[in-house]
Amino acid sequence: VLNEYLDSLNCNKHLIIGMMANKDHKKYISYFKNISSITTVDIPNQPNAISGKELKNKFKNFPNVQYKESIQEAIQSIPLKEDDLIIISGSLYLSGEFLNLN
């Protein structure tokens, strides 16, 4: 459903993703189409999360995949243009960390 909505938008989409280790990482990422970049990150304070580096290795077949240690680094590393969109996804724990930044 998220990808269907994203496909309806006329902009570049940049995905920042962190996930728990017990999830089906490759299946989850396969739902996303037309993503300009993927940045994997570590989820702080979550011992059951897969490391961002490991997650990046699982997504190596996708173009424009990078790893950054934190959400802040990930956001700063994306070369945004006007109307570009950043999507924080993968785990509610990661979304919670993003909300804590505000």
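Whatever comes next refers back to the structure up there.
This text gives an overview of the structure that appears in the document. Residue positions within a chain follow its written sequence, with the count starting from 1. Since the coordinates come from a predicted model, pLDDT governs what is reported: local features require at least 70, and pairs of side-chain atoms require 80 or more to be given and counted, while whole-chain, interface and lining totals use all residues. As a rule here, side-chain values cover all heavy atoms of the structure and leave hydrogens and water aside.

1. Observations concerning the overall build of the protein
Helix numbers and strand numbers start at the N terminus; a helix is a DSSP run of H or I with at least 4 residues, a strand a run of E with at least 2. The helix and strand inventory of the protein stands at five helices and four strands. Ordering the α and β elements of the protein from the N terminus gives α-β-α-β-α-β-α-β-α. Its C-alpha radius of gyration of 13 Å places the protein within 12% of the 13 Å reference for a compact globule of 102 residues. Relative accessible area decides the class of each residue, using a 1.4 Å probe on protein chains only: under 20% of the type maximum gives buried, over 50% gives exposed, and in between gives partly exposed. The proportion of buried residues among the 102 residues of the protein is 36%. Calculation of accessible area relied on Shrake-Rupley with a 1.4 Å probe; when residues are assessed, cover is drawn exclusively from the protein chains displayed. Per element, the accessible surface of the protein, about 6,400 Å² overall, is 48% carbon and sulfur. Of note, the protein has its 11 positive side-chain charges centred 9 Å away from the centre of its 11 negative side-chain charges. What the globule rule says is 2.2 Å times the number of residues to the power 0.38, and the radius of gyration is computed from C-alpha atoms. A positive count includes Lys and Arg, and a negative count includes Asp and Glu. His and the chain ends are not counted in either. Just so you know, the charge point we use is NZ for Lys, CZ for Arg, CG for Asp and CD for Glu.

2. Comments concerning the sheet that holds strand E3 (residues 65-68)
At least two bridges found by DSSP between two strands are what make those strands a pair. Reading across the sheet, the four strands line up as E3-E2-E1-E4 and stay open at both edges, with parallel pairing between neighbours. Edge strands, defined here as strands with exactly one partner in the open sheet, are E3 and strand E4 (85-89). Each strand of the sheet is rotated relative to its neighbour by a mean of 25°, with strand direction disregarded. The pairing of strand E1 (residues 13-17) with strand E2 (residues 37-41) spans four bridges and is classified as parallel. Across the sheet, isoleucine 17 pairs through a bridge with threonine 40, a residue of E2. Any pair of residues with heavy atoms lying within 4.5 Å of one another is described as a contacting pair. Angular values range over 0 to 180 degrees, each being the angle between N-to-C directions of two axes fitted as lines to C-alpha atoms, with helices fitted over their stretch in contact. Lying over the sheet, helix H5 (residues 92-100) contacts E1, E2 and E4, oriented at roughly 125° with respect to E4.

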